[in-house]
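# Coordinate inspection notes
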Amino acid sequence: MKTCEKFNNCPFTHTDPQFKVLNSIDHYLEDYCHNKNQECIVYQIDSKFGHDHVPSNMMPNGLPLPGTHKRDWPEVALEFKKHLNSKAF
């Protein structure tokens, strides 16, 4: 099991404590942060465009944290997510 090199500086792993109580957090940490880092949207945006372009409320699957929205996301993050969605179909 390889931990993501961005783990200690990741917006997702350092998100607001209220989200750390979500049942799914452990699932995301196990799946993305410790196994499938290359598939993590947060990792991809950070790697391609830099840490400043990663929304603080983005989950590894590219969705906003529950109860939050993406309307304040940087344009780079929105366009990259749209690009990934178009490739999936």
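You'll find the structure just up there.
Residues numbered from 1 in each chain as written. Predicted model: local features only at pLDDT ≥ 70, side-chain atom pairs only at ≥ 80, totals over all residues. Heavy atoms only, no water.

### Concerning the packing of helix 2 (residues 41–49) against helix 3 (residues 75–87)
In contact at an axis separation of 11 Å, helix 2 and helix 3 are set at 120° when each is read in the N-to-C sense. What the angle tells us is that helix 2 and helix 3 run oblique. Judged by the twist between their axes, the crossing of helix 2 over helix 3 is right-handed. When helix 2 is examined against helix 3, the residues I41, Q44, I45, K48 and F49 are found in contact with a partner set consisting of V76, A77, F80 and L84. Counted by class, the contact of helix 2 with helix 3 contains seven nonpolar, one polar and one charged residues. (Axes fitted to C-alpha atoms, helices over the stretch in contact; angles between N-to-C directions. Helix = DSSP H or I, 4+ residues; strand = E, 2+ residues; numbered from the N terminus. Parallel < 35°, antiparallel > 145°, perpendicular 65-115°, else oblique. Left-handed = near helix turned anticlockwise from the far one by under 90°. Contact = heavy atoms within 4.5 Å. Nonpolar A, V, L, I, M, F, W, Y, C, P; charged D, E, K, R; others polar.)

### Side note on the packing of aromatic side chains
Centre distance and the angle of the planes are the two values used to describe a pair of aromatic rings. The full count for this structure, using the stated rule, is three aromatic pairs. Considering the side-chain rings of Y28 and Y32, the 6.0 Å spacing of their centres and the 20° angle between planes classify their relative orientation as stacked. Taken together, the positions of Y28 and Y32, both in helix 1 (residues 23–33) and four residues apart, correspond to about one turn of that helix. Geometrically, the ring pair formed by F49 and F80 is edge-to-face, given 5.7 Å between the ring centres and 75° between the ring planes. In this pair, F49 sits in helix 2 while F80 sits in helix 3, placing the two residues 31 residues apart along the sequence. (Phe/Tyr/Trp six-rings, centres within 6.5 Å; stacked < 30°, edge-to-face > 60°.)

### What to know about the nonpolar core
By size, the foremost hydrophobic cluster in this structure holds 18 residues, and its most contacted members are F12, V42, I45 and M58. Residue assignment for this core shows that the elements contributing at least two residues are helix 1, helix 2 and helix 3. Among the elements that take part in this core, helix 2 stands out by supplying four residues, more than any other. The contact partners of I45, leaving out residues within four places of it in the chain, are G50, H53, V54, M58, A77 and F80. (Core = buried A, V, L, I, M, F, W, Y, C linked by side-chain atoms within 4.5 Å. Buried < 20%, exposed > 50% of the residue type's maximum accessible area, 1.4 Å probe, protein only.)

### Observations concerning the environment of V54
In this structure, V54 sits in the loop between helix 2 and helix 3. Distance in space between the C-alpha atoms of V54 and T15 is 12 Å, their sequence separation being 39 residues. Other than its neighbours up to four places away in sequence, V54 contacts P11, V42, I45 and D46.

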